[in-house]
Every structure is written in C-alpha cells, then in structure tokens.
Protein chains: 2
Amino acid sequence: MPTVSLSLRERSYTIHVDNGYLDRVGEFAFRAGISGKAALVTETRVAPLYAERVQVSLEKAGFVVSQHIVPAGEMSKSLTCAEQLCRELARAGHDRSSCIVALGGGVVGDLAGFVASVYYRGVPLVQIPTTVVAQADSSTGGKTAVNIAEGKNLVGTFHQPALVVVDPTTLVTLDTRTLAEGMAEVIKHAVIRDVGMLGELRQIGMEIGLGFSLKTLSRLPDLMARNIGIKARIVEEDERETRDVRALLNFGHTIGHGIEASVPYGKIFHGETVALGMRAALNLSVSKAGLGQADVQRVMEIIDLMGLPTVLPADLQTDVIANHLARDKKFRQGHIRFVLVPQLGQAYVSEDVTWGDIEEAIEALRTPFSY
Amino acid sequence: MPTVSLSLRERSYTIHVDNGYLDRVGEFAFRAGISGKAALVTETRVAPLYAERVQVSLEKAGFVVSQHIVPAGEMSKSLTCAEQLCRELARAGHDRSSCIVALGGGVVGDLAGFVASVYYRGVPLVQIPTTVVAQADSSTGGKTAVNIAEGKNLVGTFHQPALVVVDPTTLVTLDTRTLAEGMAEVIKHAVIRDVGMLGELRQIGMEIGLGFSLKTLSRLPDLMARNIGIKARIVEEDERETRDVRALLNFGHTIGHGIEASVPYGKIFHGETVALGMRAALNLSVSKAGLGQADVQRVMEIIDLMGLPTVLPADLQTDVIANHLARDKKFRQGHIRFVLVPQLGQAYVSEDVTWGDIEEAIEALRTPFSY
C-alpha cells in the first residue's frame with residue numbers, strides 16, 4: 001500500500017496508491033477530514049466503468065453524492081462546460097461545505113479541478129485519476145486548466161487537491177495507444193530525476209507489447225507511487241512554477257507542444273508529441289549539454305518499446321511547428337527557455353538554445369531512429 | 001497622502017488613497033515592482049471619463065498598455081464575458097508576465113479580478129476603484145466573482161491585488177443614488193468596527209443632500225483610508241472567511257440579499273438593500289443582543305440623511321424574501337448565521353436567530369421609521 005505525502009503547509013495532502021483502491025475512496029476521504037456532500041464529476045466513457053463503485057464507497061462513508069457526467073474528450077475542457085457544471089452543482093444543492101470528486105483522466109481532472117477552485121471561491125477536491133498520465137503526473141500538483149480558442153490551458157488555477165486516490169487497475173480498460181501515451185510522462189520523470197527507473201520501464205515496455213499481464217499490473221502501484229513521489233518533491237520545491245524547478249517537468253514538452261499545435265486535435269496524442277519532443281530534446285542535450293549518445297539510445301529504446309512514435313509525420317512542415325512554438329506560453333517575454341539533460345536523471349533550464357537549434361532538432365526528427 | 005498596508009505574507013500590498021491619484025497609477029505600480037505589459041480593463045461608462053488618464057500614467061512609467069472595455073452593468077459579471085476578456089488578452093499578446101489593471105466599480109473589479117486570477121493561472125492585479133463601494137470596500141481584500149443563473153457571486157476566487165490606487169475625485173461623476181448606495185457599506189463599517197466614524201458620516205450625510213462640495217471632497221481621502229483600514233485588518237485576520245471575522249462584513253447583507261434576490265435586477269440597488277438589511281439587523285440586535293434603541297436611532301438618522309431607503313417596497317412579500325434567504329450561500333449547511341451588534345462598533349456571528357425572528361424583522365421593515 002504505497003503512500004506519498006505532499007507537504008505544502010495548510011495545503012498538504014496524501015496520495016494513496018494501490019490496486020483496488022476505487023472501493024476505498026470514501027474511507028480515505030473521511031480520514032482526510034472531508035465529509036458531507038460530494039459532487040462526483042466524471043465523463044461518458046469512465047462513468048459506466050467506475051462511477052458506481054466510487055459512489056457506493058463514498059456513500060458507505062456517509063457522503064451524500066450527486067453525479068455529473070461531461071462528454072469524454074478535450075472539448076469538455078472549456079469555460080462553457082465549467083459554467084454548466086457550476087450550475088448543475090448549484091441546482092443539486094452543493095455549497096461551500098461540499099466537495100468535488102474528479103473521476104477520470106486529464107480532461108476530467110483539469111476541468112473538475114478548475115470548477116473546484118472557483119465554485120463558492122473554492123471547495124475541497126478529491127482526485128481519482130484513471131489514466132497513466134493522470135495517475136503518474138497530472139492529478140498531483142494542483143494545476144487546473146480549461147482551453148480557450150487562442151490556446152490550450154491558457155485559463156486555469158493552482159488548486160491543490162485535498163486527497164488523491166490512485167487505483168492502477170483502472171489502466172486495464174485503456175486502449176494500448178492511450179496507455180502508451182501516458183508512459184511518455186513516466187519516461188520523462190526517469191530522464192529528469194530518476195535514472196534508476198529506466199530498467200523497470202524497459203521491462204514494462206517489453207511486457208506491454210504482449211498485452212497487460214497480471215505480472216505487469218502487480219508492479220504498477222510501486223511504479224506509480226515512484227512517479228508521484230518525483231512530481232510531489234518538485235511541486236513542494238516550486239508550487240507555482242516561479243523558480244526553475246517545476247519548469248523541468250516541461251522536458252520534451254516544448255517542441256512537443258509545437259507539434260501538437262500543428263496538427264488537428266486528436267490526430268497525434270499529447271504523449272506521442274512528448275515522445276517526439278523528448279527525442280529532439282535529447283539530441284539538443286547531446287550538442288548543448290554533453291549528454292552521451294549511448295544514453296540517448298537507452299531512452300529511445302524504451303520509447304520505441306512502449307509503442308510511442310520516434311519519427312515526425314512527413315506532411316508536417318518545420319516552420320509551421322516553429323511558428324506555433326513561438327506562441328508557447330512557456331516562452332516568457334520572448335526568451336527561449338529549454339529544458340536540457342546533461343546526464344540521465346538530471347535536468348536544468350537552459351537559455352542557450354536558439355531558434356536555429358530548434359529548427360535543426362525538428363528536422364532531425366524526420367530521420368528514422370535506429371539502435 | 002493616506003496609505004494603508006495589508007499584510008498577508010507574500011501577498012501583502014499597499015493601498016494608496018488621495019485626490020488626483022489617477023495620474024500616479026504608473027508610478028505606484030512601478031514602485032510595487034510591477035512592469036512590462038498591462039491590460040487595462042474598464043467599462044463603457046468609465047472609459048471615456050478616466051481610461052486615457054490611467055493609460056498615460058502607465059505609459060509614462062514604461063508600461064505597454066492595451067485597453068479592454070466591457071459593457072457597463074452587472075450582466076458583464078459572467079463567465080462568458082470572462083472568457084471573452086481572456087481571448088482578447090491572448091490576442092493582444094499578454095502572457096504570464098503581463099498585469100491586469102481594473103478601472104471601475106464593483107463589476108469591473110470583480111470581473112477583471114477573476115480574469116487576473118485565472119489567466120495563465122494568475123497574473124498581478126492592480127485595482128483602481130471608481131465608486132464608493134469599490135473604494136471603501138470591495139477593491140481591497142481579494143474577493144473576485146462572476147454570477148451564474150443560479151445565483152450572484154457563486155463563482156469566484158480569492159486573488160489579492162498587487163496594488164490598489166484610490167482617487168476619491170472619481171466619485172464626483174457618480175449619480176446621487178450610486179453615491180448613496182456606496183455609503184451603506186461605509187455606515188456598515190462604522191457600525192461593526194468604528195463607532196467614532198458615525199459623527200463624520202452624519203456630517204457628510206447633511207452635506208451630501210446639498211450636492212458634492214469641495215469641502216466634502218477634501219475629507220473623502222481620510223474617510224476612504226479609514227474604511228479601507230477597517231477592511232484590511234479584517235482580511236488580515238481571516239483572508240478566506242474560514243473564521244467568524246470576515247463574516248462580520250455581512251452585517252446587513254443577510255436580509256439585504258433576500259430583498260435583492262426578490263426584485264428584478266436593478267430595481268433596488270445593492271447598497272439600498274443593505275440599508276434595509278441593516279435596519280432589520282439593528283432591530284434584531286435590540287431584541288437578541290441588548291443593543292440600545294438610541295443607538296438604532298443614531299444609525300437610522302444617518303441612513304436617512306444619505307438618502308438610503310428605510311422602508312420595504314409595499315409589493316414585496318415577506319415569504320418571497322424569506323425563501324430567497326434560505327438559499328443564501330452564507331447559510332452554511334442550513335444553519336442561520338446572523339451578524340448582530342451588541343453595541344455600536346462591535347459585532348459577532350450569532351446562531352440564536354430563528355426563521356421566525358427573521359420573518360418578524362422583515363415585516364417590521366414595512367413601518368415607516370421616525371426619529
């Protein structure tokens with residue numbers, strides 16, 4: 001039963017991780033000092049799979065529960081959908097004494113988290129992530145977001161959850177592509193903070209090609225807890241990304257976001273663009289920060305084993321990607337701030353990367369990778 | 001040049017108050033460590049009066065300024081309008097290094113404050129309030145809000161400004177009814193925290209009936225600073241209204257909100273319902289907390305001198321008001337929490353007030369007040 005603690009003064013909380021924990025959400029919430037009414041927010045794909053179990057668990061712990069189901073998919077991450085949810089919550093009688101329980105992947109976590117941060121100027125939030133990326137990364141740390149037409153995640157808040165419950169068995173119902181894209185963030189954690197995790201990831205990469213075995217499943221709680229621990233330590237150091245610590249989590253995301261913004265939504269998954277972005281960032285780390293070529297090979301093998309892409313779609317123009325990059329919100333006041341890895345397990349924010357370097361790194365993504 | 005400081009660790013800030021300070025906004029912002037790009041948010045009535053002066057002041061201090069004008073009136077306090085503003089800001093090139101400058105009354109302060117709290121997960125906010133209620137009360141303290149169909153201010157955040165600049169000369173352009181409604185919050189501050197202010201308010205009440213004289217104007221900076229000081233001390237003690245301190249500011253607002261929710265928007269002004277709510281709360285304070293009848297007379301005379309109403313419109317049903325009250329967000333989990341005044345200048349949150357008491361107090365608002 002791995003447990004991770006995140007310490008942020010009065011905003012501290014616990015992340016409980018184990019197979020089967022969906023049925024213990026109510027108990028953990030009660031122990032965390034949450035009680036009363038709960039608004040269970042989930043989406044159309046997740047609801048039929050897991051909502052009933054979570055609701056029963058909450059009711060057993062004395063909660064009065066209402067369910068609120070949004071359409072699956074990125075379109076729900078909007079202010080329109082947030083307003084709709086707030087109105088539903090008000091009609092269901094929720095007030096400042098209620099809590100919001102977010103059950104689902106990144107979309108539900110970001111949206112319900114945003115609503116929890118603004119409804120009655122903030123109510124407690126319980127995160128129950130059901131995808132790899134939400135479990136290993138986005139449900140911990142307090143970032144919430146919705147999209148506007150001008151860009152993804154341009155509107156949001158920092159609102160730490162009061163509790164996170166991670167049940168890796170929910171990953172069994174993911175399709176292989178969604179599973180793989182989540183692994184991109186796990187690989188990222190290893191590359192920037194925990195080189196020791198790479199052996200484990202190589203093993204999972206080899207197993208995952210054969211389908212999701214019980215053996216793999218039994219190792220997931222420890223793997224998720226290890227990833228959440230990495231994220232938690234970074235958030236403790238730099239909750240609001242005002243120093244250069246939380247920014248390290250953007251490794252692979254700079255060029256990745258440029259690619260993501262250049263294709264119609266959904267054509268390439270977020271994690272897939274991160275995989276491509278990591279390949280580019282690893283190459284830049286070789287030329288700019290002295291990373292060894294063997295280390296690049298080691299990471300690229302795992303990216304490949306997980307079924308993540310290593311080559312840019314041929315119809316994507318480099319200058320289109322670069323133009324989207326120039327509008328990236330991570331480029332504070334026009335400076336390029338790029339995360340580099342001098343050796344595996346360590347990362348820093350560099351200002352030495354030029355537009356020319358970036359265009360070259362994008363071009364290099366057209367060559368097939370071999371190892 | 002009165003100055004009020006509000007201390008909340010890393011969220012501390014200064015409120016500068018004096019006639020003519022509209023022209024020094026840029027200088028104060030620079031001194032507060034704010035620089036770069038500024039999005040000046042204001043509304044259609046205020047823009048032609050004061051936007052140019054504020055923009056010039058900001059530009060003189062080195063800011064690059066874009067203007068964003070929303071329709072005057074409560075309808076602009078919506079998530080739709082907030083989204084529209086965020087989109088405009090993005091198109092104008094604002095990012096996490098920009099600041100938002102809110103120029104206007106409560107609507108602009110609440111809306112632009114909300115946008116500042118969610119755009120790029122929070123950017124610095126400068127408040128330049130131009131009405132009595134915004135200057136004396138709402139621009140200090142960090143509450144932001146928008147409305148949803150189910151209720152006013154049900155969505156919002158706590159986002160402290162980085163700077164507040166109060167120029168009482170802007171009050172000269174207010175119509176008498178808007179001026180009077182703001183004075184209701186000033187009277188409230190005196191009743192709950194500063195009985196010594198009542199003499200000053202009686203004097204202003206007598207002058208205000210004769211029009212806005214230079215003599216009155218010369219005394220406003222001190223009066224506003226005194227009010228802001230009261231608000232600032234309360235916010236320091238209880239930033240997020242989790243103890244029973246900030247709740248004291250709800251004096252007169254409980255029954256007041258019930259009245260406000262019972263009439264078409266705009267028929268009775270917020271401050272006018274607060275005046276009626278204060279009369280009811282003073283009467284309840286006599287029967288429940290031992291307040292003297294002479295003290296009630298003293299406050300009611302000032303309410304009357306300011307031109308605020310003391311009698312309920314005849315067509316308003318008591319049970320309609322009471323029903324709206326039951327849905328008030330200040331009634332945590334169904335308990336009635338009512339602010340009473342045992343003697344002028346002191347207040348506490350009571351749980352001794354029953355629905356019967358409240359209905360009786362509403363009924364008593366039908367009798368003309370005489371002193």
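Let me sum up the structure you'll find in this document. What you see is a predicted model, and the numbers here were worked out from it, not measured in a lab.

Turning next to the pairing of strand β8 (residues 151-158) of chain B. Residue and element names in this part refer to chain B. Here β8 lies mainly inside the structure; seven of its eight residues are buried. The pairing of strand β7 (residues 143-148) with β8 spans five bridges and is classified as antiparallel. Bridging across to β8, V146 finds its partner in V155. Hairpin connection from β7 to β8: two residues lie between these consecutive antiparallel strands.

So, about the nonpolar core. Ranked by size, the top nonpolar core spans 80 residues in total, and within it A:I187 and A:I255 carry the most contacts. Take this core: its biggest share by element is 10 residues, from helix α8 (residues 214-237) of chain A. A:I187 has contacts with A:L201, A:M278, A:V299, A:I302, A:I303, A:M306 and A:L308, leaving out every residue within four places of it along the chain. Judged by nonpolar contacts, the second largest core, of 79 residues, contains B:V186, B:I187, B:M278 and B:L284.

Here the focus is the interface of chain B and chain A. In this assembly, 36 residues from chain B lie in contact with 36 residues from chain A. For the pairing of chain B and chain A, the buried interface totals around 3,300 Å² over both sides, and the portion due to carbon and sulfur atoms is 54%. Taken as a group, B:R96, B:Y120 and B:R121 account for 24% of the area that chain B buries against chain A, more than any other trio of residues on that side. Connecting chain B to chain A are four salt bridges.

Residue and element names in this part refer to chain B. All chains considered together, the criterion is met by 60 salt bridges over all chains. Here E239 makes a salt bridge to R11, at a shortest N to O gap of 2.5 Å. Highlighted residues: E239 in the loop between α8 (214-237) and α9 (253-262) and R11 in the loop between β1 (3-6) and β2 (13-17), separated in sequence by 228 residues. With a relative accessible area of 12%, E239 lands in the buried category.

Take the side chain of A:T178 next. With respect to the helices, strands and loops of the structure, A:T178 is situated in helix α6 (residues 176-193). Polar side-chain contacts of A:T178 include one of 2.7 Å to the side chain of A:D175.

On to the packing of aromatic side chains, then. Residues and elements named next belong to chain A. In total, this model carries four aromatic pairs over all chains according to the counting rule given. Centre to centre, the rings of Y119 and Y120 are 4.8 Å apart; their planes meet at 70°, and the pair counts as edge-to-face. By relative accessible area, which is 12% here, Y120 ends up buried. The side chain of R177 reaches across the aromatic face of F269, ending 4.0 Å from its centre.

Basis of the calculations
- Residues numbered from 1 in each chain as written.
- Chains lettered and ligands numbered in written order.
- Predicted model: local features only at pLDDT ≥ 70, side-chain atom pairs only at ≥ 80, totals over all residues.
- Heavy atoms only, no water.
- Buried < 20%, exposed > 50% of the residue type's maximum accessible area, 1.4 Å probe, protein only.
- Helix = DSSP H or I, 4+ residues; strand = E, 2+ residues; numbered from the N terminus.
- Pairing = 2+ DSSP bridges.
- Core = buried A, V, L, I, M, F, W, Y, C linked by side-chain atoms within 4.5 Å.
- Contact = heavy atoms within 4.5 Å.
- Buried area = accessible area lost by both parts, 1.4 Å probe.
- Salt bridge = Lys/Arg side-chain N within 4 Å of Asp/Glu carboxyl O.
- Polar contact = N/O pair within 3.5 Å; in protein donor to acceptor, adjacent residues only side chain to side chain.
- Phe/Tyr/Trp six-rings, centres within 6.5 Å; stacked < 30°, edge-to-face > 60°.
- Lys NZ or Arg CZ within 6 Å of the ring centre and 35° of its normal.

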